[in-house]
Amino acid sequence: MTELTHLDRLEAESIHIMREVISDAENPVMLYSVGKDSAVMLHLAMKAFYPSVPPFPLMHVDTTWKFSEMIAFRDRKAAEIGMDLIVHTNQDGVEQGVGPFTHGSSLHTDIMKTTALKQALDKYKFDLAFGGARRDEEKSRAKERICSFRTAEHRWDPKSQRPELWNLYNTRIRKGESIRAFPLSNWTELDIWQYIRRESIEIVPLYYAAKRPVIEWEGSQIMVDDDRVPAELRATAVEKYVRFRTLGCYPLTGAVESKADTLEEIIQEMLLTKSSERQGRTIDRDQAASMEKKKQEGYF
Amino acid sequence: MSHQSDLIAEDISAYLEAHENKSLLRFITCGSVDDGKSTLIGRLLYDSKMIFEDQLDALESDSKKHGTQGDKIDFALLVDGLAAEREQGITIDVAYRFFSTDKRKFIVADTPGHEQYTRNMATGASTADLAILMIDARKGILTQTRRHSFIASSLGIRKLVLAINKMDLVEYDEAIYNNIEQDFLEFAQELNAGIEIQAIPVSALAGDNIATNSANTPWYDGPSLIEYLETVPVGDERRAASFRMPVQWVNRPNLDFRGFSGQIASGTIKAGDRIKTLPSAKETTVERVVVHGGDLKEGVAGQSVTLTFADEVDTSRGDLICAANDPAEVADQFQARILWMSDDAMLPGRRYIVKMGSKSVTGLVSSLKYQIDVNTLQDKPGKTLALNEVGVCTLGLDQAIAFDPYDTNRETGGFILIDRMTNNTVGLGLIDFALRRAGNIHWQALDVDRKALSDQKDQKPAVLWFTGLSGSGKSTIANALQKKLYSMGKHTFVLDGDNVRHGLNRDLGFTDEDRVENIRRVSNVAKLMSDAGLITLVSFISPFRSERQMARNMMSDGEFVEIHVDTPLNVAEERDVKGLYKRARAGEIKNFTGIDSPYEAPNQPEITIDTVDATAEEAADQIVKWMQDKGFLS
Ligand SMILES: Nc1nc2c(ncn2[C@@H]2O[C@H](COP(=O)(O)OP(=O)(O)O)[C@@H](O)[C@H]2O)c(=O)[nH]1
C-alpha cells in the first residue's frame, strides 16, 4: 500500500473544506483572481464536485488595470468549465478615473479592489466566498483560520473567530454575516507549483518568461500592457526577458528578469532564489500597514 | 528557499519527481514561555532552509535589535511572540507553520502552553499526528508537562517526542537527561495505553541533535529530531481501521448519476465492497469509487472521493457510510469527555448544537459526572465547566447518530458544541461510549418530565402573577413583557382575566365563591403551563391575599412571582380606560374592586411596579431585569 503524498493530502483536505462549507451556505461564490493560486483552487473545485460542475459561480473583481492576458485567460477558462462568471468593477472609481498612475497604488487598490469587493458581495448577497489565500504568505497569516467570519459590514472581528477542531467547521451565521473560506490555507508556494506541475494545470502565460516591454517605475520593473502608461514613461520602455511571480494590476506588479519558460525552470528559480514571493508586489511595500489591517478592511 | 539539494541546480526534473512523493506529518509543539519552543520552531525552519535571504537579513538585524542572543541569530524572532495577538484580543490562537525536508512536508501547530491556553492546545492537537513536548533540562518534568501530555493523549495523539532542551546549559549531562526520561516514563503510565515516547536531548539554540546527531552528546544513540520526524510512521492505524466515510454532499449532476461525496475517515474501499449507511442501517454494494480523471481501484483513509451504490439506498448529508461487517454504533445518549472553550460556563440542561462528522443535531449535556483536573489528572466534583475545564458528562441528542468511541477512531468519535444564540464553538467533546443503544428502546425510554420539557425550551418556567386594580395597567405591562421575552427566544403565554372569563370561566360571576373558583381554575391552568415549560403571565385583579396564596401554594417552589401593579385608586379611576369605574360609581356594576369590594394589596410581592412614574415599557424592563437577576433568564 502506498502512502498518500503530501500533495494528495493537501488536495483531499481542500476538497473536504469546499464540500463542507458550501453545504450550509445559501449563496456561495468563488473569488477568482486569475492567478496561479486561483487556478489551483478552481482545479480543486472541479475535482471536489466532479462529475457535477461546481455549484457556485466565479467572481472576478476587475480593477480595469489587470494584464489583458489575464482577462482573456479568465473568459476562456470560465467558458471551458461551464461555470458562471461574474465580473464586478467599481463604476464610481471608473467614473472618477481612478488608477495607479494618477492616484497611487494604495488609493487605487482601496477603491478598485477592496471597496469593489465589498460592493460586489453586497450586491449579490453572497454568504460564503472562497479565497485563495495561504498561511505561508506572511508571518501574520500563520494563525489565520480556514473559515473567517465577517460582520454584515464585512468587518473581521478577532473575537468572533472560531476554533477549528479536527476537520469540523462551524459555519453557522446570522443573516447578513458572511464567511470567507480559504481551502488553500495549508499549502505553501512550493506545494502550489508542484501541484500545477503534477496536474498539468494551465496558468496565465505571464508566469513564463518571454520578451516583454518593461519600464522602471517606483523601483519595480513594470510591463507596458497598454497605452495608459504615461507617454514619457512609455518612451523609456525596453524589451527584456521577464516573467511574473504574482499577478495583479499590471502597474503594481513587478516583473523579474528571467529566461525560465518552463514550469521546471520556474520552480528551479524559485527554489534557488534569494527573496520571498511578495517582493514583486508593490502594494505590500507601499503601505507599511500590516496584512492584519488589510484583512480588517476586507482586502482578503 | 534554497533546499540545498544540489539536485535542484543539476536536475530539477529529478528533484521534482522525488519531492512529489513526499509524505506529510502534522505535529504540535507544547511548551510554556521560555522553554525554547519558538527557538526550536525557528531552528527547524532555518535548518530545513525554509527561510529566504531577505527574511534572513531581516532576522539578523532584528536579532541585533530585539534578540536575546547578542550578535547571534535569535530564531525565536522568526515565529513571533504572542504580544500582537494579545493586543488584538484574539483569544484562540494557533499558528500554523510549514517546512519541508527531502522526505516530508511538515505542518506545525504552534500553541502557547499556559493553562489559559488549554483550548488552543487542544485545537492544535486535534489535527496532529505527533506532539513535541518541550522540557527545560534544568527544570525537568513540571505540572505543565503533565497537562500537555494529558491533552495530547486525550485528543488521540499516539506519538510523543520529549524534547529535553537547553542541554547546553547543563553541560550535556547524560544523568540529567536519563532522570527526566525516567520520570516521564513513570508518569506516562497514567496516560492512554499505546503511546510511543521518544526522548531526545537537544539544544534548540545551538542546534544539537536537531538536524543531525551532536558530538556533544556521544552517549545518545537515538535519532536527531528531524530524522525522527522524517521517519516516524503515521496514518497506518487510520488505514487499518474499519471503513468509515461521512457523507458531505450528494452528487447528482444528472438523472444517471447519484454519488455520495466525502473524505474517507478510516479504512479502505473498493468496488464490490459491502457497506451499510447509518443511522438508517441500509446495506448495499459499492459500485464505483469516483474521482476526477478516472475511478480509483481502491480509496484509502484520507482521500476525498465519491461513491456510487449498486442499489438506490436513501442516503443524505450527515449519514455515515461504514463497512457492512463492522459498522459504527448508533445511539442518542453518550458518556463523553468535554473540554469547555467559551468564557460562558457550560450549563447542564442547556441545549447546544452538536456537530460530528458532517452531521449537526441538537443535544444537551444532561449531567456533569465529575471534572478532571488537567494538572493532576485527578477527578474532582463539579456542576458546570468553566473555560478550559474538562469534565465527564452525559450527552443526550434529539436524534440518534452514528459514532465510534474516540479512543477507537479519532475521525468518528469527536464532536464540537455550538451555542445556539451566538453561533460560537463553545466546546469539544470525545465520545467514550453509548449509554444505551438507540435501536432498542429509543424514545419511550426518555422520561419526558417537566424538566425535560423546560430544558427543551432552554428556559426556566415561571408564573408571573400580575395583581392590581382594574385599569392599573396589568395587561399592558404583561403584553409588553411578553414581547420582550418572545424576542429573547422564550416561550410564553398570557392568561388574561377578561379573556378567561369569556371562555373557561364563562359560568362564573363575581360572588366571593365564584371569585375563588375563578382563581382556582386559572391557577391550575397556569400550573399546567409551567409544567409544560412555559413562562406564564397571569393578568388578574385577584384582590384577595388568600386566593393569591392559594395560587402560590399550587406552584413549585420559587416558580410563583407575585407582581403588584401598584396604581393608586384615584389614578386608575382617572384613566378609566374601559369606562368601568364610571359605571361602578353609578351603581351599574356591583362588587367592583376598589369601589364596593376591597383590594388587599400584597404584603411581600416579589416585584412592585409603580405605574405613576414609569411607562409600561419601563415596567416590563424592570421585570426582565428582576428575572435575569434571579436566574430565570439565562
Ligand atoms: N542556552 C539555551 N537557551 C535556549 C535554548 N532554547 C531556547 N533558549 C533561550 O530561552 C529563551 C526562551 O526561548 P523561546 O524560544 O523564546 O521560548 P518559548 O517561549 O518557549 O517560545 C530565549 O532566550 C532562548 O534563546 C537552548 O537550547 N539553550
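Worth saying up front: this structure is predicted, and the values here are computed from it rather than measured. (Residues numbered from 1 in each chain as written. Chains lettered and ligands numbered in written order. Predicted model: local features only at pLDDT ≥ 70, side-chain atom pairs only at ≥ 80, totals over all residues. Heavy atoms only, no water.)

A.B. asks: Explain the sheet that holds strand S25 (residues 492–496) of chain B to me, and be specific about the residues and the numbers.
C.D. replies: Residue and element names in this part refer to chain B. With parallel pairing, 5 strands are arranged side by side in an open sheet as S25-S26-S24-S27-S28. Only two strands of the sheet have a single partner each, and these edge strands are S25 and strand S28 (607–609). Ignoring strand direction, the axes of neighbouring strands in this sheet form an average angle of 20°. Pairing of S25 with strand S26 (residues 535–539), which is carried by 5 bridges, proceeds in the parallel orientation. (Pairing = 2+ DSSP bridges. Helix = DSSP H or I, 4+ residues; strand = E, 2+ residues; numbered from the N terminus. Axes fitted to C-alpha atoms, helices over the stretch in contact; angles between N-to-C directions.)

A.B. asks: Go over the sheet that holds strand S5 (residues 147–150) of chain A, please, and point to the residues and values.
C.D. replies: Hydrogen bonds between backbone atoms are what pair the strands of a sheet, whose relative direction is either parallel or antiparallel. Residues and elements named next belong to chain A. Reading across the sheet, the 6 strands line up as S3-S2-S1-S4-S6-S5 and stay open at both edges, with mixed pairing between neighbours. A single partner strand is all that each edge strand has here, and the edge strands are strand S3 (85–88) and S5. When the angles between neighbouring strand axes are averaged without regard to direction, this sheet yields 25°. Of the pairings in the sheet, the one linking strand S1 (residues 28–31) to strand S2 (residues 58–61) comprises 2 bridges and is parallel in character. Residue pairing for S2: Met30 is matched across the bridge by Leu58. This element, helix H3 (residues 68–81), spans S2 and S3 of the sheet and lies at about 150° to S3. The strands touched by helix H6 (residues 105–124) are S1, S2, S3, strand S4 (128–130) and strand S6 (178–181); relative to S2, the strand with the most contacts, the crossing angle is about 145°. (Contact = heavy atoms within 4.5 Å.)

A.B. asks: Mind laying out the packing of aromatic side chains, listing which residues take part and the relevant values?
C.D. replies: Following the criterion strictly, the structure yields 25 aromatic pairs over all chains and no others. Between the aromatic rings of Phe260 of chain B and Phe309 of chain B, the centroid separation amounts to 4.8 Å while the plane-to-plane angle is 25°, which identifies the pairing as stacked. Here the residue Phe260 of chain B occupies a position in strand S9 (residues 257–263), and Phe309 of chain B occupies one in strand S15 (residues 304–309), the gap between them amounting to 49 residues. Phe260 of chain B sits in the buried class, given a relative accessible area of 2%. Between Tyr581 of chain B and Phe592 of chain B the ring centres are 5.1 Å apart and the planes differ by 80°, which places this aromatic pair in the edge-to-face class. Of this pair, Tyr581 of chain B sits in helix H18 (residues 580–585) while Phe592 of chain B sits in the loop between H18 and S28, placing them 11 residues apart in sequence. The class for Phe592 of chain B is buried, based on a relative accessible area of 9%. Across the ring face of Phe182 of chain A, the terminal group of Arg141 of chain A is positioned such that the distance to the ring centre comes to 5.3 Å. Just above the ring of Phe149 of chain A sits the side chain of Arg162 of chain A; from NZ or CZ to the centre is 3.8 Å. (Phe/Tyr/Trp six-rings, centres within 6.5 Å; stacked < 30°, edge-to-face > 60°. Buried < 20%, exposed > 50% of the residue type's maximum accessible area, 1.4 Å probe, protein only. Lys NZ or Arg CZ within 6 Å of the ring centre and 35° of its normal.)

A.B. asks: I'd like a rundown of a negative patch on the surface, residues and numbers included.
C.D. replies: Residue and element names in this part refer to chain B. A contiguous patch of negative charge, built from Glu287, Asp311, Glu312 and Asp314, is present on the exposed surface. Mapped onto the elements, Glu312 comes out in the loop between S15 and strand S16 (320–323). In this structure Glu312 comes out as exposed when scored by relative accessible area, which is 71%. (Patch = residues over 30% accessible without salt bridge, like charges linked within 9 Å, V, L, I, M, F, W, Y side chains within 5 Å. Areas by Shrake-Rupley, 256 points an atom, 1.4 Å probe, with all protein chains shown as cover. Salt bridge = Lys/Arg side-chain N within 4 Å of Asp/Glu carboxyl O. Lys, Arg positive; Asp, Glu negative; His and termini not counted. Charge placed at Lys NZ, Arg CZ, Asp CG, Glu CD.)

A.B. asks: Describe in detail the packing of helix H6 (residues 118–126) of chain B against helix H7 (residues 143–154) of chain B, supporting the description with residues and values.
C.D. replies: Residue and element names in this part refer to chain B. Close contact between H6 and H7 brings their axes to 9 Å; oriented N to C, the two are set at 40°. Accordingly, the angle class assigned to the pair H6 and H7 is oblique. Note that H6 runs across H7; the crossing there is right-handed. From H6, Thr118, Met121 and Ala122 reach across to H7, where they touch Arg147, His148, Ile151 and Ala152. The residue makeup of the contact of H6 with H7, split by class, is 4 nonpolar, 2 polar and 1 charged. (Parallel < 35°, antiparallel > 145°, perpendicular 65-115°, else oblique. Left-handed = near helix turned anticlockwise from the far one by under 90°. Nonpolar A, V, L, I, M, F, W, Y, C, P; charged D, E, K, R; others polar.)

A.B. asks: Which residues make up the interface of chain B and chain A, and what are the values?
C.D. replies: Taken together, the contacts link 85 residues of chain B with 67 residues of chain A. Here chain B packs against chain A, burying approximately 6,800 Å² in sum over the two surfaces, 56% of which is carbon and sulfur. Of all residues in chain B, the largest losses of buried area upon contact with chain A belong to Glu20, Trp249 and His292 of chain B, amounting jointly to 10% of the total for that side. Applying the counting criterion to the chain B and chain A interface returns 7 salt bridges. Here Glu17 of chain B makes a salt bridge to Arg197 of chain A, at a shortest N to O gap of 3.0 Å. Where chain B meets chain A, there are 31 residue pairs in polar contact (both at pLDDT 80 or more). Of all the elements, helix H2 (residues 12–20) of chain B adds the most residues to the side of chain B that touches chain A, at 7 residues. Residue composition of the side of chain B that touches chain A, grouped by class: 38 nonpolar, 30 polar and 17 charged. (Buried area = accessible area lost by both parts, 1.4 Å probe. Polar contact = N/O pair within 3.5 Å; in protein donor to acceptor, adjacent residues only side chain to side chain.)

A.B. asks: Please provide a residue-by-residue account of helix H15 (residues 512–531) of chain B, values included.
C.D. replies: Residues and elements named next belong to chain B. Between its first and last C-alpha, H15 extends 29 Å over 20 residues, near the 28 Å set by a 1.5 Å rise per residue. Buried residues of H15: Arg515, Asn518, Ile519, Arg521, Val522, Ser523, Ala526, Met529 and Ser530, and no others. The inward-facing, buried residues of H15 contact helix H12 (450–456), strand S24 (462–467), S25, helix H14 (497–502), S26 and helix H16 (545–554). (Expected span 1.5 Å × (residues − 1).)

A.B. asks: For the confidence of the model for chain A, give the residues involved together with the corresponding values.
C.D. replies: Residue-level pLDDT values for chain A average 88, and 90% of them are 70 or greater. Overall, residues 277–300 of chain A carries pLDDT values under 50, and its contacts beyond four positions in sequence, including any with other chains, amount to 63 contacts. (pLDDT = per-residue confidence, 0-100.)

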